[in-house]
2 protein chains.
Amino acid sequence: MDKNEKIELIVRKAVQIFNEDSLREKLKSDKKLVIKFGADPSRPDLHLGHTVPLRVLKLLQDMGHEIVFVIGDFTAMIGDPSGKSKTRPQLTFEETRKSGETYFKQVTKILDKDKTKITYNSEWLNKMNFKDVLELTGKYTVARILERDDFNNRFINKIPIGVHEFMYPLMQGYDSVAIHADVEMGGTDQTFNLLVGRELQKDYGQPQQDVIVFPLLVGLEGKEKMSKSLDNYIGIDEEPFVMFEKAMKIPDECLESYFQLTTDIKKEIYQKWIEDDIVNAHREFGKEIIRMYHGDDCITEAIEKYDTIAKGSIPNNIEQCVIDKSDSELSIVDLLVKTGLVASKSEGRRLIEQKGIKINGELVNDVNQKLTEKNILENKIILQKGKNKFIKVCFK
Amino acid sequence: MDKNEKIELIVRKAVQIFNEDSLREKLKSDKKLVIKFGADPSRPDLHLGHTVPLRVLKLLQDMGHEIVFVIGDFTAMIGDPSGKSKTRPQLTFEETRKSGETYFKQVTKILDKDKTKITYNSEWLNKMNFKDVLELTGKYTVARILERDDFNNRFINKIPIGVHEFMYPLMQGYDSVAIHADVEMGGTDQTFNLLVGRELQKDYGQPQQDVIVFPLLVGLEGKEKMSKSLDNYIGIDEEPFVMFEKAMKIPDECLESYFQLTTDIKKEIYQKWIEDDIVNAHREFGKEIIRMYHGDDCITEAIEKYDTIAKGSIPNNIEQCVIDKSDSELSIVDLLVKTGLVASKSEGRRLIEQKGIKINGELVNDVNQKLTEKNILENKIILQKGKNKFIKVCFK
């Protein structure tokens, strides 16, 4: 691809651009641009949803620009100052730096290490005093902050908003001022904050960043945005078999956008796959993401394991756990804990009640069930949790 | 008055108390209390309106408590961070300290110097960093700040409110935390801010201050609160004659509250005066405030001057201005400027057009009018501006 083709691809991938003319001009010039991307320090495990912008960032990087990740460690270290929210755990300095390193390690699976920079916004926000804060907050009106959808909804529905919360978009926007961003990228859910950065730069006498808003990848349940906390994600660090298995669960109507947003496969090809055979199209998608994040070599094994389980069979090469013969008197629940298949007896009992545990392919129905004499004599016991977790138990 | 009588008097003077039981308990105990009173650093000239709370503070001081004036120099030094308001001029450190000294000088006309402390809120607010600010703002919700009448009105009427403005009541409230106030006093227009202080102390783990809300003295036009900027005030530093003259202008229906709020005269006495002869009641009020702020000795002269002018006569002992004989060709307008009666020719012309200038008791009707030969020969010219500004011109 030449420069112009890359520019067209970037523009095509965006949902909205503020403003397109200016962005095109910047990208056409020979200036090395500072591309800002904000990162949440508390959830460093990247999933396919994150790869949507990362793949655009990679294009920008290939064009010679500098990618600057801004880790929002400042607020992460403060936690929730009102002390009311439990969803925002307070992180230590070390934890945020460790998250930053993990983040760097993960994004450089897609991006070039040498052209990727990680910064922490505490570097500049920690230095601000009350006067600086008043100057910053003096740039924005209450009404404009309340335009942000989530604030607006909470305000209308009388759900309390802490005064400090009004400062978060301003802080995020100020990050653009601090790093002199030329371009910022973010998901559609970040549009408001991205534009705050653009406006604050003007107020601080800087050229305004252009803003690329990219689409959000929908999660595996087909409704919400893909996120770790909703457990509807495919992590880019997950093992090939899990990736493949999750790929098969993508709702049919979402598969096209998965291809479009997360792979390089050409539109005419994936559209034909989807038209011809939707199940096979899922398999192709699964193969592609294993190829991208683990390499070609890992594809066959993952598929074989998936197919074996799908047939209800027990796969080869499953993990083995050796336990003492005296433990053969144990109940199935105790055995589940001993082998590490469950974390606690209560979890084991719950899974049995939910019909989630099998022994040698047969459902365990009684929470007090023990191994049969036959089991022990044969010394061939395979415990199964859910559809795809197996463990072989051997007595010695 | 004994302690209990003083407590009753304080309670009676208040419009509202939060909370009365707790305040009574504090005042009855032997603990030396910290009494907070907020002061605006940009307008140090005290007027009768200010004396309403000052006289209550004096009572508290006489009971052994410490009066702490908090000068809001922090925001005064910042000015308007949004750069939009011209009504909030930015003051230098020196200016705020000078205001503080003037303030101290003026309040100690009523209060005891040795039991009065002036503090500046920059002392603690300057030390706060962004984290501290978030902690402070995390204690309050947007909805609660928007309950403040003026914010509420502006919000409803879509008049912009800067985000930084939400922090002012919190800063003012934090002052109570910083000085560990036991009691705060303020006018009815400050009720919201006074209660913020009370609530923030709780959030910061301190005993809560009690709040005494006192009535606002209405200005000389009988509508708005007395204030310098509305020019409807009687300054406690104004000369006796001006005090007396302004006292005579108090609207009849407001005189009772002036007596009640600003003097020690007993209710039965001033009520009788008002019933018997309202003009004389005004004179008694004028005499009383001269007595309070200048002493008995100044009363007679002020009244005589007032009565002379009221009769349309020219008072004795007026200022004299000597000018060069060659200037006798000047127009009246030039002469007004030369003698300093007006600041500019245009003001002089305007006053003549408004029939506000007399020469030797006769109205000047023509803006181009010059001195007559008779005037110059007699060498006895008295220029009069309005009702009570006179100057004698002598040629040499």
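Quick caveat, the model's predicted, so the values are computed rather than measured.

Rules and cut-offs
Residues numbered from 1 in each chain as written. Chains lettered and ligands numbered in written order. Predicted model: local features only at pLDDT ≥ 70, side-chain atom pairs only at ≥ 80, totals over all residues. Heavy atoms only, no water. Helix = DSSP H or I, 4+ residues; strand = E, 2+ residues; numbered from the N terminus. Buried < 20%, exposed > 50% of the residue type's maximum accessible area, 1.4 Å probe, protein only. Contact = heavy atoms within 4.5 Å. Areas by Shrake-Rupley, 256 points an atom, 1.4 Å probe, with all protein chains shown as cover. Lys, Arg positive; Asp, Glu negative; His and termini not counted. Charge placed at Lys NZ, Arg CZ, Asp CG, Glu CD. Pairing = 2+ DSSP bridges. Least-squares fit on C-alpha atoms with pLDDT ≥ 70 in both. Buried area = accessible area lost by both parts, 1.4 Å probe. Salt bridge = Lys/Arg side-chain N within 4 Å of Asp/Glu carboxyl O. Polar contact = N/O pair within 3.5 Å; in protein donor to acceptor, adjacent residues only side chain to side chain. pLDDT = per-residue confidence, 0-100. Axes fitted to C-alpha atoms, helices over the stretch in contact; angles between N-to-C directions. Parallel < 35°, antiparallel > 145°, perpendicular 65-115°, else oblique. Nonpolar A, V, L, I, M, F, W, Y, C, P; charged D, E, K, R; others polar. Arc of directions from axis to C-beta.

### Focus: the overall build of chain A
Scanning chain A for helices and strands turns up 19 helices and eleven strands. For chain A, the C-alpha atoms occupy an extent of roughly 80 × 50 × 40 Å along the three principal directions. When the 396 residues of chain A are sorted by exposure, 52% land in the buried category. For chain A, the share of sequence-separated contacts (at least 6 apart) that also reach a separation of at least 24 residues comes to 68%. Accessible area for chain A stands at about 19700 Å²; split by element, carbon and sulfur atoms hold 46% of it. Positive and negative charge centroids in chain A, built from 60 and 65 side chains respectively, lie 2 Å apart.

### Quick notes on the sheet that holds strand β9 (residues 362–363) of chain B
Residues and elements named next belong to chain B. Spatially, the five strands line up as an open sheet ordered β7-β11-β10-β8-β9, and their pairing is mixed. Only two strands of the sheet have a single neighbouring strand rather than two, namely β7 (320–323) and β9. Where strand β8 (residues 357–359) meets strand β10 (residues 381–385), three bridges bridge the pair, whose relative direction is antiparallel. When the sheet's bridge partners are listed, Ile357 is paired in β10 with Lys385.

### Description of the relation of the copies chain B and chain A
One copy of the chain maps onto the second through a rotation around an axis plus a translation along that axis. With an axial shift of 0.2 Å and an RMSD of 0.3 Å, the rotation relating chain B to chain A amounts to 180 degrees. Taken together, these values place the two copies in the relation of a two-fold axis. Minimal C-alpha separation from the rotation axis in chain B is found for Asn129(B), amounting to 2.2 Å. Residue by residue, 100% of the interface of chain B is reproduced at the interface of chain A, so both copies engage with the same surface.

### Remarks on the pairing of strand β4 (residues 116–120) of chain A
Residue and element names in this part refer to chain A. The element β4 is extensively covered by neighbouring structure, given that four of its five residues are classed as buried. Where strand β3 (residues 66–71) lies against β4, five bridges are found, and the strand directions are parallel. For Phe69, the partnering residue across the bridge sits in β4 and is Ile118.

### Overview of the interface of chain B and chain A
Contact with chain B, which involves 31 residues of that partner, is made by 31 residues of chain A. Counting the surface lost from both chain B and chain A, the interface buries some 2800 Å², and carbon and sulfur atoms represent 80% of this. Applying the counting criterion to the chain B and chain A interface returns zero salt bridges. On inspection of chain B and its partner chain A, the count reaches eight residue pairs in polar contact (both at pLDDT 80 or more). Elements represented by at least two residues in the side of chain B that touches chain A include exactly α4 (73–78), α7 (130–137), α8 (142–146) and α10 (167–179) of chain B. The biggest single contributor to the side of chain B that touches chain A is α7(B), with seven residues.

### Considerations on the pattern of salt bridges
This model, assessed by the stated rule, comprises 45 salt bridges over all chains. The partner of Lys225(A) in a salt bridge is Asp189(A), with the nearest N and O atoms 2.6 Å apart. In this pair, Lys225(A) sits in the loop between β6 (210–214) and α12 (240–249) while Asp189(A) sits in the loop between β5 (183–187) and α11 (191–203), placing the two residues 36 residues apart along the sequence. Taking the shortest distance from any N to any O, the salt bridge between Asp296(B) and Arg291(B) comes out at 2.6 Å. Each of Glu8(A), Glu20(A) and Arg24(A) takes part in one network of salt bridges that share partners.

### Considerations on the confidence of the model for chain A
Taken residue by residue, chain A gives an average pLDDT of 89. The fraction at 70 or more is 97%. Across the interfaces of the predicted complex, the ipTM metric reaches 0.73, alongside a pTM of 0.74.

### Notes on the packing of helix α3 (residues 48–62) of chain A against helix α13 (residues 255–262) of chain A
Residues and elements named next belong to chain A. The geometry of α3 relative to α13 is characterised by a closest axis approach of 9 Å and an angle of 45 degrees between their N-to-C directions. The angle between α3 and α13 places the two elements in the oblique class. In contact with Leu48, Thr51, Val52 and Arg55 of α3, α13 contributes Tyr258, Leu261 and Thr262. A per-class count over the contact of α3 with α13 returns four nonpolar, two polar and one charged.

### Digging into the side chain of Asn121(A)
All names here are of chain A. Along the chain, the position of Asn121 falls in the loop between β4 and α6 (122–125). Accessibility expressed as a relative area gives 5% for Asn121, which makes it buried. Other than its neighbours up to four places away in sequence, Asn121 contacts Val70, Ile71, Gly72, Asp73, Phe74 and Asp175.

### Overview of helix α7 (residues 130–137) of chain A
Taken together, the buried positions of α7(A) are Phe130(A), Val133(A), Leu134(A), Leu136(A) and Thr137(A). The arc that holds the buried residues of α7(A), viewed along the axis, is 160 degrees, so those residues lie on one side. Check the buried side of α7(A) and you find it contacts α10 (167–179) and α11 of chain A together with α4, α6 (122–125), α7 and α10 of chain B. For α7(A), the N-terminal cap is Asn129(A); the gap from its side-chain oxygen to the backbone nitrogen of Lys131(A) is 3.1 Å.

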